[in-house]
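Secondary and tertiary structure notes
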Amino acid sequence: MKFRKTKAPSLANQNRIYAASRHRSSPRPPTTSLHPSPSPLLLSNPYPSKPKLQDLPTLLKSLHQFPPHPDLYIPIFQLLTRTPGSLRLGRQLHAHVTLRGLQYDAVLAARIAAMYSSSGDLRVASLLLRHTPHPSSLLFNALIRGHSLYGTPEGTLKLFDEMLYLGLLPDHFTFPFVLKCCADIGSVPFGQSVHSQCLRRGLEKDLYVGSSLIRYMKVGNFKAAEELFAALPSRNIVSWTAMISGYSQNGLADRALALFEEMRQGGNDVKPNWVTIASVLPACSHSAALKRGEQIHRYAGAMGFDSHPVVQIALVAMYAKCGSLVKARHCFDRINKKERDVIAWNALITAYASHGRGVEAVSAFEDMVTSGVRPNEITFTALLSGCSHSGLVDQGLRYFNCMRMVHSVELRSEHYACVVDLLGRAGRLGEAKEMIDQMEIDAGPSVWGALLSSCRIHHNLEIGEIAAKKLFVLEPENSGNHVLLSNMYAEFGRWEEVKKIRALLKDRGIRKSLSCSWIEINGKVNAFLCGDKSHPQAAGIYIFLEDLPKKIKAAGYVPDTNFVLHDVSEEEKECNLTMHSEKLAIAFGLLSTSPGAVLRVTKNLRMCGDCHLAIKFISKIYDREIIVRDVNRFHHFRDGLCSCGDYW
DNA sequence: ATAGGGTTAG
């Protein structure tokens, strides 16, 4: 029977159903029937307990023997909702219900909608809502769940609005889904309004709503999330993980790691599970804390979580971002072939790309396509940046040109940024600019930023000025763009313009970002600012660095004083070349590790050319492998050479 | 009936 053949109920019937729906929005007493006759279940119950899947065939055959009653069908629809792949049977039963005139019962309609919703048939679920004269919160919750799983965030929020408009109260089943939607679309006003509704209804202490609220709190608001977490009357592993993941995803890596430790050692009953591990690993990636990452990896292994593909993917990314490409590859190889989804491949391609291994990134991409996994937007961002770091210009362009036609992936601003970088690095600035002019979508700051960086490398002030002016409008608060243009002016001896930009920065109260490098020694992260003397070992570090130029000059080093002018950050320009933060970190590393140990340094900005050159010599005369991760990529220094081949 | 998870340029 088709849905449209459903007849509208008589007026009297409608009133009865309305009364029923109102009654049923409160908890249902187990044996109360709203029908004039006693429930058939009381007379002769066809299923004494919850029906099981294997009972269904017999049960369905016997249904017609009983007088029509919603209670007869509700448990069956609940069972079907929990059983994937049972939609066909569900449809038949729905038709049966309609034939018997029960389709307007509020609770039954909600259960039927829940079945359609959780199998992804949003169309029929929505039709049910439209045909229910007085929909209940239960029905809306079912639809909201379905839409958040299979539909769009916009569709979900529309339902939520409609629910409020009808005067229905959202509850602890409603809010978790709605909060996730708010986070997905990133609408701050909407998120705040939903948040305050939770508070008004006192639901922030609910285990489910509370976890969602904590998780979807925004960066600037993490204090509020901490307060919510502290105020939870009881916490389970989900609440803890929500808080850890909130820190982790907002770049508060230290706090994420500290909370993870607190949870493990605080004598809590809660035990981490694979979701917790997958949430805390990105914090190790972020702070490049390889030892911590390895520790967590061992722990995950002991608990048996390291065979979970989601954990394995997080491990691939962690090892790659902590500088160990070999271990990243090893973790990828351990992922079951059937579990290698697009996210797993993206992690691998990104790993190769960030280490400047363009050829391997390309071959990973080809393997992915061969194995039948479809690339997405992120895949191409990773692939194109891999081509760019390795100077694979034409190959990168070929991939870019077939993105939409061959792989049906839409071009985004990030992709243009990669291609502009690809062309720009190779010195093809005119083509890069032309590419931007022909874009079908608005060029975001990343696109102009890529052009500006390329102009700096290739000393093209003319195009650089155009890019910088765009950026000053798009990102007025970003100090880096101002600094870059100012450095270019300095290079050309245009001191008047340099002064103007400095005045502008001061005028707008824009603070320059400080350069910072860090190195993990014995599991402890040591951070250094440029010219920083606050480290306990500062005296030793500076004595070492004073001696350094003499030693490396003997090996052929000539300081690249050009970078005093060109350097990416103004404050470093003012700072003696020998005191750059990465040099401090490397000096400390050399002093506090035994000969032969690999040094891994991370920097929050781009490395300067002089440091790049000096580190090549350091790697040779001290016979050390030194791995530096700057904002863009990795540099592996060994025996006087860098893996980037000086193309960066 | 519900919550927490992995991949993204410069």
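Residues numbered from 1 in each chain as written. Chains lettered and ligands numbered in written order. Predicted model: local features only at pLDDT ≥ 70, side-chain atom pairs only at ≥ 80, totals over all residues. Heavy atoms only, no water.

Under an unreviewed UniProt entry, the name given to chain A is Pentatricopeptide repeat-containing protein, and the source organism is Cocos nucifera.

Along the backbone of chain A there are 34 helices and 6 strands. Looking at the 648 residues of chain A, the share that counts as buried comes to 51%. Of the accessible surface of chain A, which amounts to about 30900 Å², a share of 55% is contributed by carbon and sulfur atoms. (Helix = DSSP H or I, 4+ residues; strand = E, 2+ residues; numbered from the N terminus. Buried < 20%, exposed > 50% of the residue type's maximum accessible area, 1.4 Å probe, protein only. Areas by Shrake-Rupley, 256 points an atom, 1.4 Å probe, with all protein chains shown as cover.)

This brings us to the environment of Asp-171. Mapped onto the secondary structure, Asp-171 falls in the loop between α9 (153-165) and α10 (175-185). Side-chain polar atoms of Asp-171 contact the side chain of Asn-141, separated by 3.1 Å. A distance of 2.9 Å separates a polar side-chain atom of Asp-171 from the backbone nitrogen of Phe-173. (Polar contact = N/O pair within 3.5 Å; in protein donor to acceptor, adjacent residues only side chain to side chain.)

This paragraph deals with the nonpolar core. In this structure, Tyr-73, Phe-77, Ile-277 and Leu-451 are the most contacted members of the largest nonpolar core, which totals 149 residues. Dropping the residues within four chain positions of it, Leu-451 is found in contact with Val-420, Leu-429, Ala-432, Lys-433, Ile-436, Ile-463 and Ala-467. Counting 32 residues, the second-largest nonpolar core is a separate cluster that includes Ala-538, Tyr-542, Ala-585 and Phe-588. (Core = buried A, V, L, I, M, F, W, Y, C linked by side-chain atoms within 4.5 Å. Contact = heavy atoms within 4.5 Å.)

Taken together, 47 residues lie around DNA strand B, and Arg-215, Tyr-216, Gln-249, Val-310 and Ile-313 are the ones closest in. Each atom of DNA strand B within 4 Å of the protein was assigned to sugar, phosphate or base; sugar and phosphate come to 47%. Between DNA strand B and the protein, one listed contact pairs a phosphate oxygen with a side-chain N or O atom of Arg-215 at 2.3 Å. Between Asn-236 and DNA strand B, the recorded distance is 2.6 Å, taken from a side-chain N or O atom to a base nitrogen. (Near = heavy atom within 4 Å.)

Moving on, we get to the UniProt feature "repeat: PPR" (unreviewed entry) in chain A. Listed under "repeat: PPR" (unreviewed entry) in the UniProt record, and renumbered for this structure, are residues 136-170, 236-270 and 341-375. Structurally, residues 136-170 is divided into 77% helix and 0% strand, and its ends, taken at the C-alpha atoms, are 10 Å apart. The straight-line gap between the two end C-alpha atoms of residues 341-375 is 9 Å; of that span, 74% is helix and 0% is strand. (UniProt positions renumbered as here; feature names shortened; annotations may be inferred.)

Below, the discussion takes up the environment of Ala-317. Assignment of secondary structure puts Ala-317 in helix α18 (residues 309-321). You can call Ala-317 partly exposed: its relative accessible area is 23%. Spatially, the C-alpha atoms of Ala-317 and Arg-329 are 9.7 Å apart, while their sequence positions differ by 12 residues.

All chains considered together, the criterion is met by 11 aromatic pairs. On the numbers, 6.5 Å between centres and 65 degrees between planes, the contact of Phe-222 with Tyr-247 is edge-to-face. Residue Phe-222 is located in helix α13 (residues 222-231), and its partner Tyr-247 is located in helix α14 (residues 237-249); the two are separated by 25 residues in the primary sequence. By relative accessible area, Tyr-247 is classed as buried at 8%. Among the aromatic residues, ring-to-ring pairing joins Phe-365, Phe-380 and Tyr-399 into one connected group. Over the ring of Trp-240 we find Arg-235, and its NZ or CZ is 5.4 Å from the ring centre. Lying across the ring of Tyr-542, Lys-533 places its NZ or CZ 5.3 Å from the centre. (Phe/Tyr/Trp six-rings, centres within 6.5 Å; stacked < 30°, edge-to-face > 60°. Lys NZ or Arg CZ within 6 Å of the ring centre and 35° of its normal.)

Listing the buried residues of α10 in full gives Phe-175, Pro-176, Val-178, Leu-179, Cys-181 and Cys-182. Buried residues in α10 make contact with α8 (137-150), α9, α11 (188-200) and α12 (207-215). Gly-186 sits one or two residues past α10 and shows a positive phi near 65 degrees.

What follows is about the confidence of the model for chain A. Residues of chain A with pLDDT of at least 70 account for 89%, and the chain-wide mean is 87. Long-range and interchain partners of residues 1-42, a stretch whose pLDDT sits below 50, account for 47 contacts in this model, where long-range means more than four residues apart. (pLDDT = per-residue confidence, 0-100.)

Before going further, it helps to examine the pattern of salt bridges. Counted by the stated rule, this structure contains 29 salt bridges. The closest approach of N and O atoms between Arg-334 and Asp-306, which form a salt bridge, is 3.4 Å. In this pair, Arg-334 sits in helix α19 (residues 325-334) while Asp-306 sits in the loop between α17 (290-303) and α18, placing the two residues 28 residues apart along the sequence. Note on Arg-334: relative accessible area 41%, which makes it partly exposed. Using a relative accessible area of 13% as the deciding quantity, one classes Asp-306 as buried. (Salt bridge = Lys/Arg side-chain N within 4 Å of Asp/Glu carboxyl O.)

Pairing is mixed in the open sheet, where 6 strands are placed in the order β2-β1-β3-β4-β5-β6. Lying at the two open borders of the sheet, with one neighbouring strand each, are β2 (524-529) and β6 (641-642). Contacting β1 (516-521), β2, β3 (599-603) and β4 (626-629), helix α33 (residues 581-592) crosses the sheet at an angle of about 15 degrees to β1. (Pairing = 2+ DSSP bridges. Axes fitted to C-alpha atoms, helices over the stretch in contact; angles between N-to-C directions.)

Along its 13 residues, helix α22 (residues 377-389) runs 19 Å from first to last C-alpha, staying within 8% of the 18 Å computed at 1.5 Å per residue. Listed in full, the buried residues belonging to α22 are Thr-379, Phe-380, Ala-382, Leu-383, Leu-384, Gly-386, Cys-387, Ser-388 and His-389. In this structure, the buried residues of α22 make contact with α20 (342-354), α21 (358-370), α23 (393-407) and α24 (413-425). Gly-391, located one to two residues past α22, shows a positive phi value of around 70 degrees. (Expected span 1.5 Å × (residues − 1).)

The topology assignment puts Glu-294 in helix α17. Taking the relative accessible area as the measure of exposure, Glu-294 reaches 13% and is therefore buried. If near-sequence neighbours (up to four positions away) are discounted, Glu-294 is found in contact with Met-318, Tyr-319 and Lys-327.

With that out of the way, let us pick up the pairing of β4. Where burial is concerned, the two faces of β4 agree: the one with Ile-626 and Val-628 and the one with Ile-627 and Arg-629 are both buried. Bridge count for β3 against β4 is 4 bridges, and the pairing is parallel. If you follow Val-601 over to β4, its bridge partner there is Val-628. For the crossover from β3 across helix α34 (residues 609-621) to β4, the handedness is right-handed. (Right-handed = clockwise from strand over helix to strand, strands pointing away.)

Turning our eyes to something else, we now look at a nonpolar patch on the surface. Residues Trp-274, Val-275 and Val-310 make up a contiguous nonpolar surface patch of roughly 210 Å² in combined accessible area. As for its placement among the helices and strands, Val-275 is situated in helix α16 (residues 274-287). (Patch = residues over 30% accessible without salt bridge, like charges linked within 9 Å, V, L, I, M, F, W, Y side chains within 5 Å.)

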